Amino acid sequence: KHDKIPESVAEQVRDFIRNNSFLPKDEAPPVIKKAKKSLTYGERADLCQHPVSKQLFSIMERKKTNLAVSADLCNTTQILQLADQVGPHICLLKTHVDILDDFSLEFVQQLTELANKHEFLIFEDRKFADIGSTVQRQYQR
């Protein structure tokens with residue numbers, strides 16, 4: 001269902017590790033625990049205390065995706081086009097408004113409308129320890 005390995009293969013791997021681990025004689029072999037049941041995004045949303053975390057997990061559950069897109073583009077038209085194209089398939093769009101040539105409040109309103117239309121969150125990435133080209137653009141502004 002989720003492209004996970006079957007339990008029989010996992011048990012073979014655990015057996016291999018148990019049978020091929022070499023420890024000093026006075027140490028006990030490590031305990032290999034079976035993975036706990038994974039929670040669905042909806043179950044994780046129910047456990048969240050913070051409203052933004054709850055909202056993100058809820059979106060991920062409804063849309064069946066955890067895909068986030070980084071919109072490291074330099075003009076608002078490109079970002080709006082990208083957001084409209086990928087919006088139905090993502091849960092989050094990451095922006096860097098400090099590298100935009102034409103940032104405006106109108107852009108914020110348009111992007112917010114697309115986020116509402118396609119149901120994704122907007123994450124403004126404010127750090128100065130990013131990949132080289134992004135940092136260079138940030139400092140050039």
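Because the structure is predicted, anything quoted here is derived from the model rather than measured.

Participant: How should I be thinking about the overall build of the chain in this particular structure?
Facilitator: Helix and strand counts for the chain come out as six helices and three strands. Put simply, 65% of the contacts in the chain that link residues at least 6 apart link residues at least 24 apart. Total accessible area computed for the chain in this model is approximately 10200 Å², and 56% of it derives from carbon and sulfur atoms.

Participant: Explain the nonpolar core to me, please; I cannot follow it from the model alone.
Facilitator: Soluble globular proteins: nonpolar side chains tend toward being buried together. In this structure, I79, A83, L93, F107, L111 and F120 are the most contacted members of the largest nonpolar core, which totals 13 residues. Elements with a contribution of two residues or more to this core: β1 (68–71), α4 (76–86) and α5 (105–118). Looking at which element gives the most residues to this core, the answer is α5, with four residues. Formed by eight residues, the second largest nonpolar core is a distinct cluster that contains I59, M60, C91 and L92.

Participant: Which parts of the structure should I look at to understand the pattern of salt bridges?
Facilitator: A side chain of one charge can pair with a side chain of the opposite charge when the charged atoms of the two come close. Tallied over the entire structure, the rule returns six salt bridges. Across the pair K64 and E61 runs a salt bridge whose closest N-O atoms are separated by 3.2 Å. Notably, a salt bridge pairs K94 with D125, separated by 2.9 Å at the nearest N-O pair. Here K94 is found in strand β2 (residues 92–95), whereas its partner D125 is found in the loop between β3 (121–124) and α6 (132–140), with 31 residues between them in sequence. Among the residues examined, K94 registers a relative accessible area of 18% and is labelled buried. Overall, D125 belongs to the buried group, its relative accessible area being 5%. One salt-bridge network, in which partners are shared between bridges, spans E7, E11 and R14.

Participant: Could you clarify how one ought to interpret α5 in this entry?
Facilitator: Between the first and last C-alpha of α5 there are 20 Å, a value that for 14 residues agrees with the 20 Å anticipated at 1.5 Å per step. Within α5, burial applies to F107, L111, L114, A115 and H118. All buried residues of α5 fall inside an arc of 100 degrees around its axis, so they share one side. Of the exposed residues in α5, the ones pointing more than 90 degrees away from its buried face are L105, Q109, E113, N116 and K117. Looking at the buried positions of α5, the neighbouring elements they touch are α3 (51–63), α4, β2 and β3. Two residues or fewer after α5 comes E119, characterised by a positive phi angle close to 60 degrees.

Participant: Just to check I follow, could you spell out the confidence of the model for the chain for this structure?
Facilitator: Should the pLDDT be low somewhere, the predicted coordinates at that spot are not to be read in detail. In the predicted model, the chain carries a mean pLDDT of 85, and the fraction of residues at 70 or more is 79%. Taken element by element, the chain is modelled with least confidence in α6, mean pLDDT 58, and with most confidence in α5, mean pLDDT 97.

Participant: Looking at this structure, I do not really get unusual backbone geometry. What am I missing?
Facilitator: Trans peptide bonds make up most of the peptide bonds, and negative phi angles are found at most residues other than glycine. Backbone geometry places K64, a non-glycine residue, at a positive phi of 55 degrees. Note on placement: K64 falls in the loop between α3 and β1.

Participant: Would you mind going over the sheet that holds β3 with me for this structure?
Facilitator: Note: strands within a sheet are paired through backbone hydrogen bonds, in either parallel or antiparallel orientation. Strands sit in the order β1-β2-β3 across an open sheet of three strands; the sheet is parallel. Lying at the two open borders of the sheet, with one neighbouring strand each, are β1 and β3. Sheet twist, expressed as the average angle between the axes of neighbouring strands with direction ignored, equals 25 degrees. With four bridges connecting them, β1 and β2 associate as parallel partners. Residue pairing in the sheet places A68 in a bridge with L92 of β2. Lying over the sheet, α4 contacts β1 and β2, oriented at roughly 165 degrees with respect to β1.

Here is what the cut-offs are and how they apply
Residues numbered from 1 in each chain as written. Predicted model: local features only at pLDDT ≥ 70, side-chain atom pairs only at ≥ 80, totals over all residues. Heavy atoms only, no water. Helix = DSSP H or I, 4+ residues; strand = E, 2+ residues; numbered from the N terminus. Contact = heavy atoms within 4.5 Å. Areas by Shrake-Rupley, 256 points an atom, 1.4 Å probe, with all protein chains shown as cover. Core = buried A, V, L, I, M, F, W, Y, C linked by side-chain atoms within 4.5 Å. Buried < 20%, exposed > 50% of the residue type's maximum accessible area, 1.4 Å probe, protein only. Salt bridge = Lys/Arg side-chain N within 4 Å of Asp/Glu carboxyl O. Expected span 1.5 Å × (residues − 1). Arc of directions from axis to C-beta. pLDDT = per-residue confidence, 0-100. Pairing = 2+ DSSP bridges. Axes fitted to C-alpha atoms, helices over the stretch in contact; angles between N-to-C directions.

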